[in-house]
Amino acid sequence: MKLNKHIFGLLFMLGAILVPDLGSAQVKSTENTVVELYFDGKNDLIAHFQVHNDRHIYWQNPGDIGQPTTVTANTGQAQIQNQSFPKHRLAYDIMNEYYYDDEAYFSIDISGPSDMLLTFDFVECADECKPQQLQFALDDLEIQSPENWANIKARAEATYPQKIRVVADEEKNLLTLKHLGTDKLDFVPATREIVEPDTLKVHQKGSKWQISWQTQENARLRQALIITPQKTYLADIIYTAADGFNSLPYILLLAFLGGIILNAMPCVFPILGLKIFSLLQSAKRRGRWKRAIFYTSGVWGSFMLLTALLVWLKKQGEAIGWGFQLQSPWFVGIMAVIFLLLFLLMIEWVRFPNMANKFIHRLSGLNEFSTGFFAVLIASPCTGPFMGAAVGYAFMRNNAEIFAVFSALALGYALPYALIELYPQTVSKWLPKPGKWMHKIKIILSIPILLTALWLFGVLAVQIHALNQHNQALDNVWKAYDAKQVETLANAGENVFIDFTAKWCLTCQFNDKVLLQSDNFKRFIKEQNVHLFKADLTENNDIYNSALSTYGRDGIPVYIYYHGANYRILPVFFSVKDLQ
């Protein structure tokens, strides 16, 4: 046995010399497995397992035997976001095994204090199996340089299945896959003992694949491997209602209506000054069609830019949702400065040089285009009625459908203001003749612009503070969202309420003051013994974003209420009656 250890150590040192430098990592090992842990200094870890001596460890669904490889934290949270594609074999011709017998990478998202302790549990198996446990202190991990982190991340991601989201009928547990271009497909649940034995059926119908299954009572399959000869996918399964309510025309209508209603959401109030002032300036001027078109183009262009960025980032493996731009302190800071500058321009404390003024006036429609463009940048993080379902649907489809849904949303958002531009008499008949009052009203309308700038600076301060503060228990009533706690409580028949929120989402903050702090809500949660969880997305958090996507949503606010194992998504503006 000692000789084996010496040979194992010699091979490991030779490997370290021959393999390209990935940066130093904390290394711990058992007799047969070496674990290297890499840390980016923020919220991401990569664990590299090397298994030797003809042993193997297991994937998250080990199959009919074995135990999954897991990581837990003594405080805060640690969640595996992705892991290497496993090997498969039929042991003794009767038992499925999904395992690693050489190496495996695990991407882990963490949130918690800097002194947290991470524990890896796994079993090493050959003819017999031995449970193993290795512990790492976060304080002891060396932070990787950007170059080293990029190297190890690229090496790990090359072994991962591609993450996608698919839609299943919640009543039939039926999943239909299109456009895979394959005649062979395997479907492997990512969690053991959820699907009832012998109920999983995979059928090919032309270019479509249909997959159905039955689950254990009060259980739901959330993830599965979809394996084809060309590619392997890790699919997040989103459940939807009847098929007729998930067709593209119906979703486009929802998106269009959601865009119209978005104009009335609290998150849009701070930029009403820009819109109203633009109307006051243009109500008596010609070129109404041009102004309406420029405003609509600004709205549509802003939506398309954000959608393209979001699609690209998701393709790179980022777990982010609609409104992601306000999770960036850089973006928030830039927008705060822009709105402060707009305020100073409106009250004429700052003026463009004469040459710049002449240039701007020549660019007919620039004011309307910029109004539409910035209106979307600030308003997009919020979701309203109909919009949440449409956005959730969009990101489960191909790129063409994603852009179609957000185009419908953009047109709905632009419609009310564009109609006023086209028919200015609806506004002008209520306004007195031009005079000194316009200067005074301009000062009044500049106040929401200033409030927006101050709000953005406040969000920026929270984000900077949060860079060194991870999610803790929020107070004696609300707890930081923890998927395992929610699942445990729900399976035990308890009532659970989850609030997906952020400081940069004004609708969220409005609901917090009006709904969540109301006497009726407080009385209900006390009487019904409701457990409260908050997922704060002020900063980008992969765990919370992934949790949000499992409910078929990409924008906030989102409110989830569990009554035992069953849950429902509440309206954006819910009441206590919706909880009963």
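Residues numbered from 1 in each chain as written. Predicted model: local features only at pLDDT ≥ 70, side-chain atom pairs only at ≥ 80, totals over all residues. Heavy atoms only, no water.

## Some words on the overall build of the protein chain
Part 1 of the argument: Each helix and strand counted, the protein chain has 16 helices and 23 strands in total.
Part 2 of the argument: A burial count over the protein chain gives 47% of its 580 residues as buried.
Part 3 of the argument: Taking the contacts inside the protein chain whose residues are at least 6 apart along the sequence as the reference set, 73% of them involve residues at least 24 apart. (Helix = DSSP H or I, 4+ residues; strand = E, 2+ residues; numbered from the N terminus. Buried < 20%, exposed > 50% of the residue type's maximum accessible area, 1.4 Å probe, protein only. Contact = heavy atoms within 4.5 Å.)

## Re the confidence of the model for the protein chain
Part 1 of the argument: Looking at the protein chain, pLDDT values average 78 and 75% of them are 70 or higher.
Part 2 of the argument: Counted against residues more than four places away or in other chains, residues 355–364, with its pLDDT under 50, gives five contacts.
Part 3 of the argument: In this model residues 468–474 is a low-confidence stretch, pLDDT under 50, and it forms 18 contacts with partners more than four residues away in sequence or in other chains. (pLDDT = per-residue confidence, 0-100.)

## Re the sheet that holds strand β8 (residues 95–100)
Part 1 of the argument: Overall, antiparallel pairing links the three strands, which are arranged β4-β8-β7 in an open sheet. On the outer flanks of this sheet lie β4 (57–63) and β7 (87–91), each paired with one strand and no other. When strand polarity is set aside, the average angle formed by the axes of neighbouring strands in this sheet is 40°.
Part 2 of the argument: Sheet topology places β4 next to β8; three bridges connect them, and they run antiparallel. Note on β8: the bridge partner recorded for Ile-57 is Tyr-100. (Pairing = 2+ DSSP bridges. Axes fitted to C-alpha atoms, helices over the stretch in contact; angles between N-to-C directions.)

## Thoughts on the pairing of strand β13 (residues 174–177)
The side chains of a regular strand alternate, first on one face of the sheet and then on the other.
Part 1 of the argument: Of the two faces of β13, the one holding Leu-175 and Leu-177 is buried and the one holding Leu-174 and Thr-176 is not buried anywhere.
Part 2 of the argument: Pairing of strand β12 (residues 162–169) with β13 involves two bridges; the strand directions are antiparallel. Among the inter-strand pairings, Asp-169 is bridged to a residue of β13, identified as Leu-174.

## Here we look at the nonpolar core
Part 1 of the argument: In this structure, Val-299, Phe-303, Tyr-481, Ile-498, Phe-500, Ile-556 and Tyr-562 are the most contacted members of the largest nonpolar core, which totals 63 residues.
Part 2 of the argument: Tallying contributions element by element places helix α10 (residues 399–422) first for this core, with nine residues.
Part 3 of the argument: The residues touching Tyr-481, leaving out its near neighbours within four places in the chain, are Gln-77, Val-486, Ile-498, Phe-533, Lys-534, Ala-535, Tyr-544 and Ala-547.
Part 4 of the argument: Listed in part, the 30 residues of the second largest apolar core include Trp-59, Tyr-100, Ala-104 and Ile-227. (Core = buried A, V, L, I, M, F, W, Y, C linked by side-chain atoms within 4.5 Å.)

## With respect to the sheet that holds strand β6 (residues 77–83)
Part 1 of the argument: Spatially, β1-β2-β3-β9-β6 is the arrangement adopted by the five strands of the open sheet, whose pairing is antiparallel. The two strands at the open ends of the sheet, each matched to only one other strand, are β1 (26–29) and β6. On average, each strand axis in the sheet is tilted by 25° relative to the strand beside it, whichever way the strands run.
Part 2 of the argument: Two strands pair when backbone bridges link them, and β1 and strand β2 (residues 33–39) are joined in this way by four bridges, in the antiparallel orientation.

## Quick word on the pattern of salt bridges
Part 1 of the argument: One pass over the full model with this rule turns up four salt bridges.
Part 2 of the argument: Note that Lys-87 is salt-bridged to Asp-101, the shortest N-O span being 2.7 Å. One end of the pair, Lys-87, is in strand β7; the other, Asp-101, is in the loop between β8 and β9 (103–111), and 14 residues separate them in sequence.
Part 3 of the argument: Judged by its relative accessible area of 31%, Asp-101 falls in the partly exposed class.
Part 4 of the argument: Its salt-bridge partner being Glu-97, residue Arg-89 comes within 2.8 Å of it at the nearest N-O pair.
Part 5 of the argument: The class for Arg-89 is partly exposed, based on a relative accessible area of 33%.
Part 6 of the argument: Taken together, the salt bridges that share partners define one network made up of Lys-87, Asp-101 and Asp-102. (Salt bridge = Lys/Arg side-chain N within 4 Å of Asp/Glu carboxyl O.)

## Let's talk about the pairing of β7
Part 1 of the argument: Strand direction decides the pairing type here: β7 and β8, joined by five bridges, are antiparallel. Among the inter-strand pairings, Arg-89 is bridged to a residue of β8, identified as Glu-97.
Part 2 of the argument: Hairpin remark: β7 followed by β8, antiparallel, with three residues in the connecting loop; positive phi at Tyr-92, about 55°.

## Quick word on the packing of helix α3 (residues 248–262) against α10
Part 1 of the argument: Where α3 meets α10, the closest approach of the two axes is 6 Å, and the angle between their N-to-C directions is 35°. Our pair here, α3 against α10, has a crossing hand that is right-handed. Two secondary-structure elements touch here, α3 through Leu-248, Ile-251, Leu-252, Ala-255, Phe-256, Gly-258, Gly-259, Ile-260 and Leu-262 and α10 through Glu-401, Ala-404, Val-405, Ala-408, Leu-409, Leu-411, Gly-412, Tyr-413, Leu-415 and Pro-416.
Part 2 of the argument: A breakdown of the residues in the contact of α3 with α10 according to their chemical character gives 15 nonpolar, three polar and one charged. (Left-handed = near helix turned anticlockwise from the far one by under 90°. Nonpolar A, V, L, I, M, F, W, Y, C, P; charged D, E, K, R; others polar.)

## Considering α3
Part 1 of the argument: If you check α3, its first and last C-alpha atoms are 20 Å apart, about what 15 residues at 1.5 Å a residue would give, namely 21 Å.
Part 2 of the argument: By the burial criterion, the buried members of α3 are Ile-251, Leu-254, Ala-255, Gly-258, Gly-259 and Leu-262. All buried residues of α3 lie within an arc of 135° about the axis, which places them on one face of the element. (Expected span 1.5 Å × (residues − 1). Arc of directions from axis to C-beta.)

## Focus: the environment of Asp-186
Part 1 of the argument: Mapped onto the elements, Asp-186 comes out in strand β14 (residues 186–189).
Part 2 of the argument: Separated by 46 residues in the primary sequence, Asp-186 and Thr-232 place their C-alpha atoms 9.5 Å from one another.
Part 3 of the argument: Among residues more than four places away in sequence, those in contact with Asp-186 are Leu-225, Ile-226 and Ile-227.

## Observations concerning the environment of His-203
Part 1 of the argument: As for its placement among the helices and strands, His-203 is situated in strand β15 (residues 201–205).
Part 2 of the argument: The sequence separation of His-203 and Leu-185 amounts to 18 residues, and the corresponding C-alpha distance is 9.1 Å.

## Quick look at unusual backbone geometry
Part 1 of the argument: The phi angle at Asp-198 is positive, at roughly 65°, despite the residue not being glycine.
Part 2 of the argument: The residue Asn-529 is not glycine, and still its phi comes out positive at about 50°.
Part 3 of the argument: Looking at the element boundaries, Asn-529 is found in the loop between α15 (519–527) and β21 (530–536).

## Quick word on the side chain of Asn-173
Part 1 of the argument: By the secondary structure assignment, Asn-173 is in the loop between β12 and β13.
Part 2 of the argument: Filtering out sequence-adjacent residues up to four positions away, Asn-173 remains in contact with Ile-211, Ser-212, Trp-213, Gln-214, Thr-215 and Tyr-239.

## So, the side chain of Gln-83
Part 1 of the argument: Take Gln-83: it is sitting in strand β6.
Part 2 of the argument: With residues near it in sequence (within four places) discarded, Gln-83 still touches Trp-59, Gln-60, Tyr-100, Tyr-105, Phe-106, Tyr-160 and Pro-161.

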